[in-house]
Amino acid sequence: MIKLLTQDDKKIILEYLQRNEIETSFLYANIIEFGVDNIQDIRRCADYYGFFNGEVLKGILPFYNLGSCIPHYEDAAAVPLFAEIMKDRKFEFLLGMENVIKPLYEEIKSYKEIKGYDESSYFTNRNFKPFILGGVDFINADGISSEDVVDFILDGRINGFNQFATREDIRKTLIQRGEEEEFIIAEKDGKMVAQACVQTYTPQINQIGGVYTIKDERGKGYCKAIVSEMCSRIIAKNKVPTLSVKKNNIPAVKAYTALGFQHYDDYLIIRFK
């Protein structure tokens, strides 16, 4: 059985997420921050569909207002039922662990126009090796809406991640961040050169994302330095840093492994038109 979940289902949802903590970090943080019911003007709210085996929740299919779908299931019987809903829904990104996402992708790919298919590695860091780059300062961008900060993050969204965004989108992103979802910017000689954030979290992990260095400052260690700073902050909270990185992004893979990150599982990010 599949039904649209509501706030009344929050307890069983959290029990499900606790059973699958690393794999469902996006779902956990968004539900903690914004609840289960969909509020349309909040980008991180969603329509959450639940797959049940009897009375037991065995899968969750979310369609977020920001355009992403990040499903998870414990029972493969959810795949054809989720796929039928996904065929008729419009969303831009499908992402998650490969063993979960690939069966769904195979079911829906003939119904969607594919714009990108990125094979990534999901990394965890339980053996952190700090890296400090002299002369670099870190500023907290959380809740800040100054034009310089907004413009810098907007540049990263458009030129670093090839995603359309407006200044208002960026301001909402900063304002709607949770207490654990730090967003930091690296400065060198007063110039903003790189960014990183806690993309999402669970009781055990903080997932790093949004890592970006401006084009003319790449290859100077800023990416490695800002991710190291973020790891230090996460570990100080007694949590494990995690992140995903495209397998073909060799410089980033080398930087992260040098910091102590190790492969946890394969991860897919699929983009539709």
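Residues numbered from 1 in each chain as written. Predicted model: local features only at pLDDT ≥ 70, side-chain atom pairs only at ≥ 80, totals over all residues. Heavy atoms only, no water.

Undergrad: When you look at the overall build of the protein in this model, what are you seeing that I'm missing?
TA: Looking only at helices and strands, the protein features eight helices and 13 strands. The C-alpha radius of gyration computed for the protein amounts to 19 Å, which stays within 12% of the reference 19 Å derived for 273 residues, consistent with globular compactness. Expressed along its principal axes, the backbone C-alpha trace of the protein runs to roughly 60 × 40 × 35 Å. By the burial criterion, 52% of the 273 residues in the protein qualify as buried. Pairs at least 24 residues apart make up 66% of the contacts formed inside the protein by residues separated by at least 6 positions. (Helix = DSSP H or I, 4+ residues; strand = E, 2+ residues; numbered from the N terminus. Rg over C-alpha atoms; globule rule 2.2 N^0.38 Å. Buried < 20%, exposed > 50% of the residue type's maximum accessible area, 1.4 Å probe, protein only. Contact = heavy atoms within 4.5 Å.)

Undergrad: Any chance you could explain the packing of aromatic side chains here in plain terms?
TA: Here the distance between the centres and the angle between the planes together describe a pair of aromatic rings. Within the structure shown, the criterion is met by eleven aromatic pairs. Relative to Phe-272, the ring of Phe-91 lies with its centre 5.4 Å away and its plane at 85°, an arrangement referred to as edge-to-face. Of the two residues, Phe-91 is situated in the loop between α3 (78–88) and β6 (93–97) and Phe-272 in strand β13 (residues 261–272); the sequence distance between them amounts to 181 residues. We note that Phe-91, like Phe-272, is buried. Considering the side-chain rings of Tyr-105 and Tyr-117, the 5.1 Å spacing of their centres and the 55° angle between planes classify their relative orientation as tilted. Of this pair, Tyr-105 sits in helix α4 (residues 98–108) while Tyr-117 sits in strand β7 (residues 114–125), placing them twelve residues apart in sequence. Look at Tyr-105 and you get buried, because its relative accessible area is 11%. Here Tyr-117 falls in the partly exposed class, since its relative accessible area comes to 28%. In this structure an aromatic cluster arises from ring pairing among Tyr-49, Phe-63, Phe-91 and Phe-272. Its guanidinium or amino end placed over the ring of Phe-63, Arg-89 lies 4.4 Å from that ring's centre, counting from NZ or CZ. (Phe/Tyr/Trp six-rings, centres within 6.5 Å; stacked < 30°, edge-to-face > 60°. Lys NZ or Arg CZ within 6 Å of the ring centre and 35° of its normal.)

Undergrad: Looking at this structure, how should I read the nonpolar core?
TA: As a rule of thumb, soluble globular proteins bury nonpolar side chains together. Counting 27 residues, the largest nonpolar core has Ile-13, Leu-17, Ile-31, Tyr-48 and Ile-60 as its most contacted members. Sorting the residues of this core by element identifies α1 (10–19), α2 (25–34), β2 (46–53), β3 (56–64) and β6 as the ones contributing at least two each. Sort the elements by how many residues they give to this core and α2 lands first, with five residues. Each residue touching Tyr-48, except ones within four places of it in the same chain, is listed here: Lys-3, Leu-4, Leu-5, Asn-30, Ile-31, Gly-35, Val-36, Ile-60, Leu-61, Pro-62 and Tyr-64. Of all hydrophobic cores here, the second largest spans 23 residues; its members include Val-193, Ala-196, Cys-231 and Val-245. (Core = buried A, V, L, I, M, F, W, Y, C linked by side-chain atoms within 4.5 Å.)

Undergrad: Could you clarify how one ought to interpret the side chain of Ser-121 in this entry?
TA: Position of Ser-121 relative to the elements: it lies in strand β7. Here the side chain of Ser-121 touches His-263 through a polar contact of 3.3 Å, side chain to side chain. Residues contacting Ser-121, with those up to four places away along its chain left out, are Leu-243, Ser-244, Val-245, Lys-247, His-263, Asp-265 and Tyr-267. (Polar contact = N/O pair within 3.5 Å; in protein donor to acceptor, adjacent residues only side chain to side chain.)

Undergrad: What am I meant to see in unusual backbone geometry here?
TA: Peptide bonds are trans in most cases, and residues, glycine excluded, mostly fall at negative phi. Positive phi outside glycine occurs at Asn-162, with the angle close to 55°. Relative to the elements of secondary structure, Asn-162 occurs in the loop between α5 (147–160) and α6 (167–175). In this structure Asn-162 comes out as exposed when scored by relative accessible area, which is 51%. Phi is positive for Asn-238, which is not a glycine, with a value near 60°.

Undergrad: Honestly, the pattern of salt bridges in this entry has me stumped. Any pointers?
TA: Between side chains of opposite charge, a pair can form as their charged atoms come close. Going through the model one piece at a time under the given rule, you end up with 23 salt bridges. The closest approach of N and O atoms between Arg-19 and Glu-74, which form a salt bridge, is 2.9 Å. Taken together, the positions of Arg-19 in helix α1 and Glu-74 in the loop between β5 (72–73) and α3 put the pair 55 residues apart, joining distant regions of the chain. What makes Glu-74 partly exposed here is its relative accessible area of 30%. The partner of Arg-44 in a salt bridge is Glu-181, with the nearest N and O atoms 2.7 Å apart. Taken together, the residues Arg-44 in the loop between α2 and β2 and Glu-181 in the loop between α6 and β9 (183–188) connect sequence positions 137 residues apart. Several salt bridges share partner residues, and in doing so they unite Glu-147, Asp-151, Arg-167, Glu-168 and Arg-171 into one network. (Salt bridge = Lys/Arg side-chain N within 4 Å of Asp/Glu carboxyl O.)

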